[in-house]
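Take a look at the letters that make up each chain.
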Amino acid sequence: MSDLLEWRKEFPILDNTVYMISHSLGAMPRRTRERLQEYADMWSTRGIRAWEEGWWMMPTSVGDLIGKIIGAGQGEVVMHPNVSICQSIITSCLNFTASKRNKIVSESLNFPSNLYIYHSLEQDGARLVLVPSEDGITVPLDRMLEAIDEQTLLVSVSHVIFRSSFIQDLKAITARAHEVGAMVVADIYQSAGTVPLNVQEIGLDFATGGSVKWLCGGPGAGYLYVRRDLWPRLEPRLTGWLAHKEPFAFVVGPNDYADNIYRFLNGSPNVPGMYAAMSGYEIINEVGVAAIREKSVRQTSRLVGLAQEAGFRVNCPANAEERGGTVVIEVPHGEQVTTELLQRDYLVDYRPGAGIRVAPHFYSKDEELDLTIREIKAILETKAYERHSAAQAH
């Protein structure tokens, strides 16, 4: 795996930090600065011509880079600013009042932003059923499959749970949903770029994600995959002029939806966000998710062992096959310890009810795992965390 360390020179922040936060914000590739300069140059020199010379096609040309990572076909992924918009577009295609099939099944550990959207649909007739977690880490597959029935319209699941790094069985969930006539949207934010997946082989109807984390693409670049054979019968109510078959005809009246993935667009796309994201996608494609996963399994397993040896509880699956790229460590005074780590240039984050999330990526050194656990122990032993307690109390 030492050959993957050759990529470290592509990520400037690695020169002066122990970067263990790729599950939250991946390191910025060096070439991203050049891509953003390219955007500025294009705008400043080409003006309005930039649209027809590349900007207009970016929602799909950039989406195709994601498609290669997640197993989608060409032209089956379209870019949006964030997952909340993607999820809202999906649900705006559905009718929760037409029949008894009005149920949304999800897990209680789904990312809150997704759940906020589903809860808001209850006023439109949707019935939200959340499958509970007994341990706060895993979601029982049998309980999930049991909750999906003939009244289910949409099943929404996280491939990898953000809070615990637990990997769900998308194939089994999708098979059950299709058996009863329901559709499935998978939030692949915490898996794309570190856990291999193929949306077509799984049979997913929809997949959403963003670029902030493992894809090293920064904020403002979410993406939406929609199964190709569904396009003709889905008409999003959350729409806009880019979704029209002839957008520059500026026809007044109901939307005449485009025949391609553009029917799931709405207003003007986030062009600078897509420029910023491309370099990360290219690098992930060059490195290969299989190689990233192999190193991730080895390093997260090592990290779990180090944490347990230090006497800390680990709030993520012990089995590497059930664990994504993040290790969640329960540490006394975890929030204050995290604040101190950040001040010492050890970049991690803290989630209430879970612990300190630590995530090596393909550019991480083995020694950085040891350094992180050693620094946590030192902060606790010296009680350096205490200076943050008063500040966080206000």
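Residues numbered from 1 in each chain as written. Predicted model: local features only at pLDDT ≥ 70, side-chain atom pairs only at ≥ 80, totals over all residues. Heavy atoms only, no water.

### A look at the environment of W7
Reasoning step 1: Relative to the assigned elements, W7 resides in the segment before β1 (18-19).
Reasoning step 2: The spatial distance from the C-alpha of W7 to the C-alpha of H23 is 18 Å, given a sequence separation of 16 residues.
Reasoning step 3: Ignoring any residue separated from it by four or fewer positions in sequence, one finds W7 in contact with R31, I283, E286, V287 and F362. (Helix = DSSP H or I, 4+ residues; strand = E, 2+ residues; numbered from the N terminus. Contact = heavy atoms within 4.5 Å.)

### With respect to helix α10 (residues 289-309)
Reasoning step 1: An ideal rise of 1.5 Å per residue puts 30 Å on 21 residues; α10 measures up with 30 Å between its terminal C-alpha atoms.
Reasoning step 2: Residues V289, I292, R293, K295, S296, Q299, T300, L303, V304, L306 and A307 constitute the buried set of α10.
Reasoning step 3: For α10, the elements touching its buried residues are α3 (58-70), α9 (271-287), β9 (313-314), β10 (327-330), β13 (355-358) and α12 (366-382). (Expected span 1.5 Å × (residues − 1). Buried < 20%, exposed > 50% of the residue type's maximum accessible area, 1.4 Å probe, protein only.)

### Looking at the nonpolar core
Reasoning step 1: F11, I70, V155, Y281 and F362 are the most contacted members of the largest nonpolar core, which totals 64 residues.
Reasoning step 2: The dominant element in this core, judged by the number of residues it contributes, is α9, at 9 residues.
Reasoning step 3: Counting 31 residues, the second-largest nonpolar core is a separate cluster that includes C86, L154, F206 and W231. (Core = buried A, V, L, I, M, F, W, Y, C linked by side-chain atoms within 4.5 Å.)

### Section: the sheet that holds strand β8 (residues 222-226)
Reasoning step 1: Taken together, 7 strands build an open sheet; the order of strands is β2-β8-β7-β6-β5-β3-β4 and the sheet is mixed. The sheet is open, and its two edges are formed by β2 (77-80) and β4 (127-131), each paired on a single side. Between one strand axis and the next, the sheet turns through 20° on average, direction left out of account.
Reasoning step 2: In the sheet, strand β7 (residues 206-210) pairs with β8 via 5 bridges, with the strands oriented antiparallel. Of the residues in β8, the one forming a bridge with T208 is L224.
Reasoning step 3: Along the sheet face, α3 touches β2 and β8 and points at about 120° away from the line of β2. (Pairing = 2+ DSSP bridges. Axes fitted to C-alpha atoms, helices over the stretch in contact; angles between N-to-C directions.)

### Quick word on the sheet that holds β13
Reasoning step 1: The strand order across the open sheet built from 4 strands is β9-β10-β13-β12, with neighbouring strands paired in antiparallel fashion. Each edge of the sheet is formed by a strand with only one pairing partner; in this case those strands are β9 and β12 (349-351).
Reasoning step 2: Relative to β13, β10 runs antiparallel, the two being bridged by 3 bridges. Counted as the bridge partner of V327 is V358 from β13.
Reasoning step 3: In the packing of α10 onto the sheet, the strands contacted are β9, β10 and β13, and the crossing angle to β10 comes to about 5°.
Reasoning step 4: The sheet contacts of helix α11 (residues 334-343) involve β12 and β13, and relative to β12 the element is tilted by about 165°.

### Some thoughts on a nonpolar patch on the surface
Reasoning step 1: A grouping of W241, F248 and F250 is seen on the molecular surface, where their side chains present a nonpolar patch of about 360 Å² in accessible area.
Reasoning step 2: Position of W241 relative to the elements: it lies in the loop between β8 and α9.
Reasoning step 3: Accessibility expressed as a relative area gives 34% for W241, which makes it partly exposed. (Patch = residues over 30% accessible without salt bridge, like charges linked within 9 Å, V, L, I, M, F, W, Y side chains within 5 Å. Areas by Shrake-Rupley, 256 points an atom, 1.4 Å probe, with all protein chains shown as cover. Salt bridge = Lys/Arg side-chain N within 4 Å of Asp/Glu carboxyl O.)

### Notes on the pairing of β2
The side chains of a regular strand alternate between the sheet's two faces.
Reasoning step 1: Alternating positions in β2 separate into two faces, V77 and M79 on one and V78 and H80 on the other, with burial throughout.
Reasoning step 2: Here β2 runs beside β8; their pairing, made up of 4 bridges, is antiparallel. Paired with H80 across the strands is G222, a residue of β8.

### Quick word on unusual backbone geometry
Reasoning step 1: With a phi angle near 55°, C216 is a residue other than glycine that sits in the positive phi range.
Reasoning step 2: What makes C216 buried here is its relative accessible area of 4%.

### What about the pattern of salt bridges?
Reasoning step 1: All chains considered together, the criterion is met by 24 salt bridges.
Reasoning step 2: For D149, the salt bridge identified is with K103, shortest N-O distance 2.9 Å. Taken together, the residues D149 in the loop between α6 (141-147) and β5 (152-158) and K103 in strand β3 (residues 103-107) connect sequence positions 46 residues apart.
Reasoning step 3: On the basis of relative accessibility, which here comes to 8%, the residue K103 falls in the buried class.
Reasoning step 4: One salt bridge connects R387 with E340, and the closest N-O pair in it is separated by 2.7 Å. With R387 in helix α13 (residues 386-393) and E340 in helix α11, this pair connects stretches of sequence that are 47 residues apart.

### Quick word on the packing of aromatic side chains
Reasoning step 1: Under the counting rule described, the total for this entry stands at 14 aromatic pairs.
Reasoning step 2: Plain terms: the ring middles of F11 and F362 are 5.9 Å apart, the flat faces sit at 75° to each other, and that makes the pair edge-to-face. Taken together, the residues F11 in the segment before β1 and F362 in the loop between β13 and α12 connect sequence positions 351 residues apart. You'll find F11 and F362 in the same group, each marked buried.
Reasoning step 3: Ring centres of F111 and F162 lie 5.0 Å apart, and the angle between their planes is 85°; on these two criteria the pair is classed as edge-to-face. Remark: F162 occurs in the loop between β5 and α7 (170-179) and F111 occurs in the loop between β3 and α5 (112-120); sequence separation between them is 51 residues.
Reasoning step 4: By the ring-pair criterion, three or more aromatic residues cluster together here, those being Y39, W43, W51, W55, W56, W241, F248, F250 and Y275.
Reasoning step 5: Taking the ring centre of Y189 as reference, the NZ or CZ of K213 above it sits at 4.9 Å. (Phe/Tyr/Trp six-rings, centres within 6.5 Å; stacked < 30°, edge-to-face > 60°. Lys NZ or Arg CZ within 6 Å of the ring centre and 35° of its normal.)

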